[in-house]
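# Fold and geometry: a report
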Amino acid sequence: MQQLEFKTEASMDNLPVMVDFIREKLLNFRIKKNQVIKTVLLAEDMLAQLIEHRADEKSQVIISLRHFLGKGSLVIKCRGSAFELEDTDMGLKELLNCPSDNDEDAVVRSIVRKNLQLTLSMEHVRTFNVIKITFDSSKYQQLIVTFSAMGLGLLTGFILKETLGSSACEYISENVFSTISTMFLNAIKMIVGPLIFFSVASSVAGMGDIKSLGRLGAKIFLMYLFTSILAILLAYGIFNIFPMGNTSLADLFEESSAEAAFLPSTMPISMWKVIQDIVPSNFLGAFTSSNMLQLLFLAFLLGIISTVIGDASQKIKGGLDIANIVFTKIAAVIMKTVPLAIFSSMAKLMLNLNPSAFTAMLQWIALNYISFISLAIMYGLLILFLAHKNPFIFYKKYFEPVTTAIAFNASAAALPSALKACRDKLGISSKVYSFSIPLGNTINMDGCCAMMLLTVLFFAKSFGIEISPGLLCSMMISIYLLSVGSPGVPMGALVCVSLLMTQAGIPKEALGLVIGLYPIVAMFMTGTNVLGDGAVTLIVANSEKLIDEKIYNGNI
């Protein structure tokens, strides 16, 4: 971490000296030139206002610069009278109607400040005006932090595993790393219900046109169905190109059967059950269980009703907007702890890795990874041909939600960052993403569909079992229904796979070989699911012309 400080007398004569100091030190931090220019421009404006409101001629300006892992901050303090920054929401209309040159300058500064894309905050603390400007010195900052946390976690887990005994490793895994990961996931579970509910209700209440809402919902659902069908067909094609199966797995079969016995033997494969459960029997129960379909139903109900109750509509809409802002801020605070949680999750994964099972199941792991990469390419092609947009921009700007999902093997953990990426980086209207992202989190399981089919085909080949065309078609239908209605529990997808294996005549106990290695595959399966949510959201938003092109094509 780099930290620098500079003090000088608060006077306009010293303004060039202060600006030069900030510019020079920012360049020393190896920050890109355009980022330096933006920061210096804003700092110069803030310094001028601090000097204007200084306590007396002897007041000093204190400038502090900090830089760590691609994130920087500039703090400027000066003793003086409290004041407020000028309104940053002024625009061209106000500029054209300015009554004086001074007002014109203020509006120009406001427009410049608004378009610099820097975070600016100000407070008055114990006679001091304190202004803080935060900036990203690298567009790959999130990538650096995420992979640093992953790498350090894996390295820490490896070192602990090599230097400590199994009992010590188990103790550290369960009492240190599991505690941190569980606390983070609990925080996500706590916030995800109200976050989704108020986000969707606020968007629906603001739409007004119920017909357009129905059309939008139908488009989103059909697009998710389309990508799931493509995922199943793609997985089948991949297995025909790479017909992998390891006959040596029979040697590990007996050893693994005890582990597989813990998986449930039955689960209903019924779309009607899924539809029936959309309507909750208890309003609060939908929040406590974080049932996405029920939350979406309640949010839509409240949003629609709020548009047709007359004079109270605006008050309800205002209340929904405020609640949405509050829970979005809470989610942002929770997401600040992501690097620590990723570190703990990766360290725990390394400590629990079984080397012998890993070697025997390498083909199964490789087969699934090939399918996940193919699905990611498929999403890019859909964006290119259906939305006519550069898919590489999408990959780059939607990277954070995907890595968060991978790190925690939980799509719910990526919900806050997915909503934020859609809004701030892809320029998608909240009318689309506030509904499509939560819905996709529930019914769009493209990676899961591919994994289930490939796992059944892999074990069928390993055990010499032939899958007939009729059985294959039946399994494909079952896979989609299971992916939508899969239980929201750890290894829920494996519960579904166990049913498919029974359907295909494969001993369910063979899944014991997968249980220890499932997290390695499930991480990227979840990341693929989240990537698909973003791709569908982008395609549907483009079809409705609800994308801000400047934001989508602009810098991160």
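What you see is a predicted model; the values in this text were computed from it and never measured.

Conventions adopted
- Residues numbered from 1 in each chain as written.
- Predicted model: local features only at pLDDT ≥ 70, side-chain atom pairs only at ≥ 80, totals over all residues.
- Heavy atoms only, no water.
- Helix = DSSP H or I, 4+ residues; strand = E, 2+ residues; numbered from the N terminus.
- Buried < 20%, exposed > 50% of the residue type's maximum accessible area, 1.4 Å probe, protein only.
- Contact = heavy atoms within 4.5 Å.
- Areas by Shrake-Rupley, 256 points an atom, 1.4 Å probe, with all protein chains shown as cover.
- Salt bridge = Lys/Arg side-chain N within 4 Å of Asp/Glu carboxyl O.
- Expected span 1.5 Å × (residues − 1).
- Patch = residues over 30% accessible without salt bridge, like charges linked within 9 Å, V, L, I, M, F, W, Y side chains within 5 Å.
- Lys, Arg positive; Asp, Glu negative; His and termini not counted.
- Charge placed at Lys NZ, Arg CZ, Asp CG, Glu CD.
- Axes fitted to C-alpha atoms, helices over the stretch in contact; angles between N-to-C directions.
- Parallel < 35°, antiparallel > 145°, perpendicular 65-115°, else oblique.
- Nonpolar A, V, L, I, M, F, W, Y, C, P; charged D, E, K, R; others polar.
- Polar contact = N/O pair within 3.5 Å; in protein donor to acceptor, adjacent residues only side chain to side chain.
- pLDDT = per-residue confidence, 0-100.

## Details of the overall build of the protein chain
- When helices and strands are tallied, the protein chain shows 25 helices and 5 strands.
- Expressed as a percentage of the 556 residues in the protein chain, the buried residues total 49%.
- In the protein chain, of all internal contacts separated by at least 6 residues, the share reaching a separation of at least 24 is 79%.
- As presented, the protein chain carries roughly 26400 Å² of accessible surface, and 61% of it is formed by carbon and sulfur atoms.

## Quick notes on the pattern of salt bridges
- Going through the model one piece at a time under the given rule, you end up with 8 salt bridges.
- We note a salt bridge from Lys25 to Glu24, for which the minimum N-O separation is 3.9 Å.
- Where salt bridges share partners, they join Arg215, Lys219 and Glu544 into one cluster.

## Remarks on helix H19 (residues 430-443)
- Taking 1.5 Å of rise per residue, the 14 residues of H19 would be expected to cover 20 Å, and the 19 Å separating its terminal C-alpha atoms lies within 8% of that figure.
- Among the 14 residues in H19, 12 count as buried, and that is most of the element.
- Of the residues making up H19, those classed as buried are Val432, Tyr433, Ser434, Phe435, Ser436, Ile437, Pro438, Leu439, Gly440, Asn441, Thr442 and Ile443.

## Brief notes about a nonpolar patch on the surface
- A cluster of nonpolar side chains, namely Val279, Phe297, Leu301, Leu302, Ile305, Val308, Ile309 and Ile316, defines an oily patch on the protein surface of about 630 Å² accessible area.
- Of the residues forming the nonpolar patch, the biggest block, 4 residues, is contributed by helix H11 (residues 292-305).
- With respect to the helices, strands and loops of the structure, Val308 is situated in the loop between H11 and helix H12 (313-335).
- Taking the relative accessible area as the measure of exposure, Val308 reaches 59% and is therefore exposed.

## Notes on a negative patch on the surface
- Taken together, the side chains of Glu9, Asp13, Asp56 and Glu57 make up a negatively charged region of the molecular surface.
- One can find Glu9 in strand E1 (residues 2-9).

## Let's talk about the side chain of Ser178
- Relative to the assigned elements, Ser178 resides in helix H6 (residues 166-207).
- On the accessibility criterion, Ser178 (7% relative accessible area) is buried.
- Those residues in contact with Ser178 that lie beyond four places of it in its chain are Ser173 and Lys348.

## Some remarks on unusual backbone geometry
- Residue Arg126 is not a glycine yet carries a positive backbone phi of 50°.
- Unlike most non-glycine residues, Thr127 shows phi in positive territory, near 75°.
- Relative to the helices and strands, Thr127 is located in the loop between strand E4 (119-125) and strand E5 (128-136).
- According to the relative accessible area criterion, Thr127 is partly exposed, its value standing at 37%.

## Observations concerning the packing of helix H15 (residues 362-386) against helix H24 (residues 518-543)
- For the pair H15 and H24, interaxial distance at closest approach is 10 Å and the crossing angle is 10°. If you check the angle between H15 and H24, you find them roughly parallel. Between H15 and H24, the residues in contact are Trp364, Ile365, Asn368, Tyr369, Phe372, Leu375, Ala376, Tyr379, Leu382, Ile383 and Leu386 and Tyr518, Ile520, Val521, Phe524, Met525, Thr528, Leu531, Gly532, Ala535, Leu538, Ile539 and Asn542, respectively.
- Grouping the amino acids of the contact of H15 with H24 by side-chain chemistry returns 19 nonpolar, 4 polar and no charged.

## Let's talk about the packing of helix H20 (residues 446-462) against H24
- For the pair H20 and H24, interaxial distance at closest approach is 7 Å and the crossing angle is 140°. As far as their axial angle goes, H24 and H20 are oblique. Two secondary-structure elements touch here, H20 through Asp446, Gly447, Cys448 and Met451 and H24 through Tyr518, Val521, Met525, Thr528 and Asn529.
- The class makeup of the residues in the contact of H20 with H24 is 5 nonpolar, 3 polar and 1 charged.

## Concerning the environment of Ser462
- With respect to the element layout, Ser462 can be found in helix H20.
- Take Ser462: its relative accessible area is 9%, and that puts it in the buried class.
- At 2.9 Å, the side chain of Ser462 forms a polar contact with the backbone oxygen of Phe458.

## Thoughts on the confidence of the model for the protein chain
- For the protein chain, per-residue confidence averages 78 on the pLDDT scale, and 79% of positions sit at 70 or higher.
- Averaged pLDDT values for the elements of the protein chain fall to 38 in helix H3 (residues 92-96) and rise to 94 in helix H16 (residues 391-397).
- Contacts of residues 87-117 to residues separated by more than four positions or lying in other chains number 38 contacts, the stretch itself having pLDDT below 50.
- Here residues 254-269 scores under 50 on pLDDT; set against residues more than four positions off or in separate chains, the count is 32 contacts.

## Some remarks on helix H2 (residues 33-52)
- In this model, H2 (20 residues) spans 29 Å end to end at C-alpha, consistent with the 28 Å of a helix rising 1.5 Å per residue.
- Inspection of H2 places Gln35, Val36, Thr39, Val40, Leu42, Ala43, Asp45, Met46, Leu47, Gln49, Leu50 and Ile51 among the buried residues, and these make up the whole buried set.

## With respect to the environment of Ala504
- Note on placement: Ala504 falls in helix H22 (residues 492-504).
- Along the primary structure Ala504 and Ser468 are separated by 36 residues, whereas in three dimensions their C-alpha atoms are 9.3 Å apart.
- The residues contacting Ala504, other than those within four sequence positions of it, are Val456, Ile465, Ile467, Leu471 and Met475.

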